Every structure is written in C-alpha cells, then in structure tokens.
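Coordinate analysis (summary)
Each chain, written out:
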There are 2 protein chains.
Amino acid sequence: MRTINIVGTGNVAWHLATAIKGLSHYKLQSIAGRSDKAIKNYQDLQASFCLIQELRQADITLIAVSDDAVHQVSKTIPYDTGLFAHTSGSVALDALSHFEHYGVLYPLQSFSKKDSITFKEIPICIEVAIESDIGILENLALALSKKVTRISSSERAQLHLAAVFANNFTNHCFTMAQELCEKHKLSFDLLKPLIVKTVNKAILSNPVLSQTGPAKRNDTQTINRHLNLLENPNYKEVYTTMSKAITTYYEQKL
Amino acid sequence: MRTINIVGTGNVAWHLATAIKGLSHYKLQSIAGRSDKAIKNYQDLQASFCLIQELRQADITLIAVSDDAVHQVSKTIPYDTGLFAHTSGSVALDALSHFEHYGVLYPLQSFSKKDSITFKEIPICIEVAIESDIGILENLALALSKKVTRISSSERAQLHLAAVFANNFTNHCFTMAQELCEKHKLSFDLLKPLIVKTVNKAILSNPVLSQTGPAKRNDTQTINRHLNLLENPNYKEVYTTMSKAITTYYEQKL
C-alpha cells in the first residue's frame, strides 16, 4: 500500500483525490492547501486535509497547483523524501529539481470541479528525472488511466501548445459563433448539429479530409462579403488570419 | 401527393433525395444534373434521372447546386410553374427572383456523400418571397426535420458566417493541432478526449464558461514561450490573433 499526498486544492487536485480514493493499492494520506479557506471547499470529499507546512511525508507527493506556482509551492513542502511529481502540462520537469526523486504526472484534460470525470479514459503523460523512479510513477498512472505515455518535457511543451489550438482556440471560435448568433437574435442551437458533426469527423477520421468553406475554396467573393458583415475588429482579424491559414494550407497540399 | 424535382447531383442533392424518397406525402419525380456523367454517380439511389433541360414541371423544385451556380443553373430549368427553392446558406433569396414562386430551404449541416445523415435532427431554415407560399415550403421542411426555422436572407447570411467560425475555423484548429503532434511524433489521439470534452461543454453549457488557457489569463510568459515553439509563420499568426481575441474578449467581460 503506497501513501499519496496531494498538494493543491484546485480542480485537478480534486479529481485526482477522488480517483485515488477509489484505488486499491494506494492510500490518499492528505490533501494540503495554502490556506484554511481553500481546504474548506473540499469538505464533501471525505479525506484528511491540512496546511502544506503540516504535511507528513508520503511515498508519492503530487503537486497539483497552477503552472506558475509549481516551483514556489513545492519549496514549502516540509519534507524531501519519497517521489514528487507535478501535474502541469506547461511546466518543465526541472521545476522540482531541488528534490532527489521527482517527475511529472500530467493528465491531459480540462478539469472543472463539477464535471464527472472518467479518469480511466484520460491520457496521462509521465516523466521522471531518475530512470529507476519510472516504475512507481507508471504504476500509479496505470492505476488511474488506460492511456499512459512517457514523454519528455520538450514533447510535453509541444503537446500543451497543440492542446491550446485544439481546445482554447476552438472553444473561442464557438464563443464567437454564439455571439454572432445572439447579436442577430438567432439561436446558437441552430449550429449545434453542425458542431457535433465537425468534431465527430475530426475525431473518427481526419480533420484535413473534412475541411470545407470559402477559405478552402479561396472564394474571395464570399470571404469579402463575410468581412463586410463583421463589425468587431477582433472578429475581422480572426476571420482574415484563419482564412489565410486555411487557404495557404490547402494550396501547399496541392 | 406533391411532386418534387431536385436539380443538382452533389452531396446536398443526394441526401435530400434520399430523405424525400422516404416521405409519405411527397413523390420524388426526378433528379436532374448538368451532365450525364454526374447523373451516373447516382445509380445506387433508385430514382429517375435526367438532364436539367429534360425536366418536366413539379410542384416543388429544389435547386441544390454550389452557391455560385444557383442563379445560373436555375435559369436553365425549362419551366417556371410551381415553387422553386435553393438550398444554399450564403445565397440570397432574390437569386431566384426570375420565378414567380420562390424561396430557400437551407439544411444547416455539412454533408459528405458517404455520411449517414439523420435529416430529422438537422435544422432547416426556410424563407419565401410571397407569404402565401410559406405553407408548402414549411410542410416539406417539417416532413424532413423536427427543427424548422423561418429566417430572412440577411439572417441566413449572418448564420452562415457564424457557421464558418463554428465549423471551418474550429476544424482547421484541429488540423493545426494534429500537424503539431505529428511533427513531434506525438499521437493526435492524446488530444481527442480533450476535444470531446471541449465540445460537450460548449454544446451542453456555454463555451464562455469553459474557456481556459494562457490567453484567457493573459499569461504573456506562456504565450511567448508558445510563439517561440512555433516555426510556421501562419501558425504564429493564428496563435497571436486568437490569443489577442480571447484576451480582449475576457478583459471586456470584467
């Protein structure tokens, strides 16, 4: 039975704690926050809470705090034995190099506290500093998920960048589409079947095969008509830039 | 029993023909193409085919050809009785104003011939020139789909523009994410659970509530690190423009 501490009280910490509580060969020892206030939000999860400085050592300590806090928070942990791993997609392994045994356990998903998460389906990317530590981290990752991959810090940075395109940018395109609908008193629901179809095709086949629209055809007449319909300069700029990227991409494919 | 002709042999025509053949109060009279060659692709659909100039008049004639061909092709139809409707999202109603009775029946979906389509779930936007023609077009739309909405040509233009953001631009973001993965020998599959989650949240809740990432936080350090990782100037430009649009959008919300 390995003991685990979780440092952090955000959404990743909450979902990790919930998943770890259900594992048979691991014991969730404590969840630690930077303040009493943060800890109080976690009363519904039956677990032991404390402040970081009160933590007792565990076999594995998972540091699930915001990207820019990983290094600083890890320095407030009052012990340095066992394996330490942060859960961030964009923070390099060496943010924890002040420990002897350290690594990364990055679950590639966007977490909200209220979501019901099937951790088993979430890809987990792992990395360790010392090769002999891989077993302990890989075993935990495999207990949590069916999809475990070893990647380096530089690969993880590229993956995190790709995730920004696949999640942040697409989501904002949905927001812009929704705003355009609302502005003209059209229901965003009208676009939902199209959105579902777009994504199903991208997931099941290949997004390159299902690209359509004026930019792919380099239909400058429609593109200009659309630009005239847009009033917000940011929307115009997104339209122009995305259209140029699409046109260029498919011209180069030919 | 109303008779229907379909002019066009593309994907929209094919799916419309398939759906109409299944309706009880309508008879698919003929599908007409501009050439024998196009018609030959449709042998698996048991229906009567002819060239446009050979068409006999029907109660409803649906013109399902590419946007820029609607007006020109409609002029080659050898009769002018009955109701004519085109199926294009971006073509105004008056492209058919040389007929007496005309309108638009726009199914808002992206069609590929091989897809299995549940027409009942596809929003259909309708418009007529003469108010007394609405019944005949609305009845056909309601026979095809549960989701029928009357919108004007200018609303349809806005909706089509919103669809470019919701479909074309998001799909190219998936393509860029996929290319970034492939370039670094990372599996695009790693991002798929994230993509599914992004879309489910946007559809079931509101994309504004689920925006995350460096641009929303205006985390210029991560943004600059990402820009340094991108080599392709089009990717850099998309990253910069989308990030600016996101940062500005959420700053204005505060």
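The structure presented is a predicted model; accordingly, all values stated were derived computationally and were not measured.

Here we take up the overall build of chain A. Along chain A, the regular secondary structure elements total 9 helices and 8 strands. Along the three orthogonal principal directions, the C-alpha set of chain A runs to about 65 × 40 × 30 Å. Here chain A, with 254 residues, has 58% of them falling under the buried criterion. Accessible surface for chain A amounts to roughly 10,900 Å². Of this, 50% is attributable to carbon and sulfur atoms. Averaging the locations of the 26 positively and 23 negatively charged side chains of chain A gives two centres separated by 8 Å.

Going through the model one piece at a time under the given rule, you end up with 3 cavities of 30 Å³ or more. Size it by volume and the largest cavity reaches roughly 60 Å³. Taken together, A245, T248, Y249 and Q252 of chain A together with H172, M176, N232, N234 and Y235 of chain B form the lining of the largest cavity. Counting only elements with at least two residues in the lining of the largest cavity, the list comes to α9 (233–253) of chain A together with α5 (153–183) and α9 (233–253) of chain B. The leading source of residues in the lining of the largest cavity is α9 of chain A, at 4 residues. Along the lines of polarity and charge, the residues of the lining of the largest cavity split into 4 nonpolar, 5 polar and no charged.

Under the counting rule described, the total for this entry stands at 16 salt bridges over all chains. Note that R150 of chain A is salt-bridged to E131 of chain A, the shortest N-O span being 2.8 Å. Placement of the pair is R150 of chain A in strand β8 (residues 148–150) and E131 of chain A in the loop between β7 (124–128) and α4 (134–144), with a sequence separation of 19 residues. A salt bridge links E121 of chain B to K147 of chain B; the nearest nitrogen and oxygen atoms lie 3.5 Å apart. Remark: K147 of chain B occurs in the loop between α4 (134–144) and β8 (148–150) and E121 of chain B occurs in the loop between β6 (101–107) and β7 (124–128); sequence separation between them is 26 residues.

Take the sheet that holds strand β4 (residues 60–63) of chain B next. All names here are of chain B. If you trace the 8 strands from one edge of the open sheet to the other, you get β3-β2-β1-β4-β5-β6-β7-β8, paired in mixed fashion. Two strands in the sheet have a free side with no partner beyond their single neighbour: β3 (49–51) and β8. Strand-to-strand, the axes of this sheet are offset by a mean angle of 25 degrees, without reference to chain direction. Strand direction decides the pairing type here: β6 and β7, joined by 5 bridges, are antiparallel. Note that in β7 the partner of G103 across the bridge is V128. Contacting β1 (2–7), β2 (26–33), β4, β5 (83–86), β6, β7 and β8, α4 runs over the sheet at an angle of about 170 degrees to β7.

The next thing to look at is the packing of helix α5 (residues 153–183) of chain A against α9 of chain B. It is the contact of α5 of chain A with α9 of chain B, at a shortest axis distance of 10 Å, that shows an interaxial angle of 55 degrees. With respect to each other, α5 of chain A and α9 of chain B are oriented oblique. As for the relative orientation of α5 of chain A and α9 of chain B, their crossing is left-handed in sense. Residues L161, V164, F165, N168, F169, H172, C173, T175, M176 and E179 of chain A of α5 of chain A lie in contact with α9 of chain B, whose contacting residues are Y235, V238, Y239, M242, S243, A245, I246, Y249, Y250 and K253 of chain B. Split into classes, the residues belonging to the contact of α5 of chain A with α9 of chain B amount to 14 nonpolar, 4 polar and 2 charged.

Further remarks concern the side chain of R156 of chain B. Residue and element names in this part refer to chain B. Along the chain, R156 falls in helix α5. Given a relative accessible area of 1%, R156 falls into the buried group. A polar contact of 2.8 Å, which involves the side chain of R156, links it to the side chain of E127. Non-local contacts of R156, meaning those with residues more than four positions away in its chain, are made with H86, S88, G89, S90, V91, A92, L93, V104, Y106, E127 and I151.

Another aspect to go through is the sheet that holds strand β2 (residues 26–33) of chain A. Strand pairing in a sheet relies on backbone hydrogen bonds. The paired strands run either parallel or antiparallel. Residue and element names in this part refer to chain A. Strand order across the open sheet formed by 8 strands is β3-β2-β1-β4-β5-β6-β7-β8, with mixed pairing between neighbours. Either end of the sheet is taken by a strand with one partner, and the two such strands are β3 (49–51) and β8. Between one strand and the next, the sheet's axes are offset by a mean angle of 25 degrees, whatever the strand orientation. The sheet contact formed by strand β5 (residues 83–86) and strand β6 (residues 101–107) spans 4 bridges and is parallel. Within β6, the position partnered with L83 by the bridge is H101. Against the sheet, α4 makes contact with β1 (2–7), β2, β4 (60–63), β5, β6, β7 and β8, and its axis sits at roughly 170 degrees relative to β7, the strand it touches most.

All names here are of chain B. You can see N232 is positioned in the loop between α8 (220–229) and α9. Given the relative accessible area of 33%, N232 is considered partly exposed. Along the chain, N232 and V73 lie 159 residues apart, while their C-alpha atoms are 41 Å from each other. A polar contact is formed between the side chain of N232 and the backbone nitrogen of N234, at a distance of 2.8 Å.

Mapping chain B onto chain A is achieved by rotating through 180 degrees and translating by 0.0 Å along the same axis, at an RMSD of 0.1 Å. Both copies of the chain, as the preceding transformation shows, are related through a two-fold rotation axis. Scanning chain B for the C-alpha nearest the rotation axis identifies T170 of chain B, at a separation of 2.4 Å. Take the interface residues of chain B: 99% of them recur as interface residues in chain A, which is what a same-surface contact looks like.

We now examine the interface of chain B and chain A. At the junction of the two partners, chain B supplies 85 residues and chain A supplies 84 residues. With its nearest N and O atoms 2.7 Å apart, the salt bridge here joins E237 of chain A to K244 of chain B. One can count 33 residue pairs in polar contact (both at pLDDT 80 or more) joining chain B with chain A. Contributing elements (two or more residues each) for the side of chain B that touches chain A: α5, α6 (192–204), α7 (214–217), α8 and α9 of chain B. In terms of residues, the side of chain B that touches chain A owes the most to one element, α5 of chain B, which gives 26 residues. Of the residues contributing to the side of chain B that touches chain A, the split by class is 45 nonpolar, 26 polar and 14 charged.

Definitions and cut-offs
Residues numbered from 1 in each chain as written. Chains lettered and ligands numbered in written order. Predicted model: local features only at pLDDT ≥ 70, side-chain atom pairs only at ≥ 80, totals over all residues. Heavy atoms only, no water. Helix = DSSP H or I, 4+ residues; strand = E, 2+ residues; numbered from the N terminus. Buried < 20%, exposed > 50% of the residue type's maximum accessible area, 1.4 Å probe, protein only. Areas by Shrake-Rupley, 256 points an atom, 1.4 Å probe, with all protein chains shown as cover. Lys, Arg positive; Asp, Glu negative; His and termini not counted. Charge placed at Lys NZ, Arg CZ, Asp CG, Glu CD. 1 Å grid on protein atoms, 1.4 Å probe; cavity = no way out; pocket = protein on both sides within 12 Å on 5 of 7 lines; lining within 4 Å. Points joined across faces, edges and corners; volume = space filled by probe spheres on them. Nonpolar A, V, L, I, M, F, W, Y, C, P; charged D, E, K, R; others polar. Salt bridge = Lys/Arg side-chain N within 4 Å of Asp/Glu carboxyl O. Pairing = 2+ DSSP bridges. Axes fitted to C-alpha atoms, helices over the stretch in contact; angles between N-to-C directions. Contact = heavy atoms within 4.5 Å. Parallel < 35°, antiparallel > 145°, perpendicular 65-115°, else oblique. Left-handed = near helix turned anticlockwise from the far one by under 90°. Polar contact = N/O pair within 3.5 Å; in protein donor to acceptor, adjacent residues only side chain to side chain. Least-squares fit on C-alpha atoms with pLDDT ≥ 70 in both.

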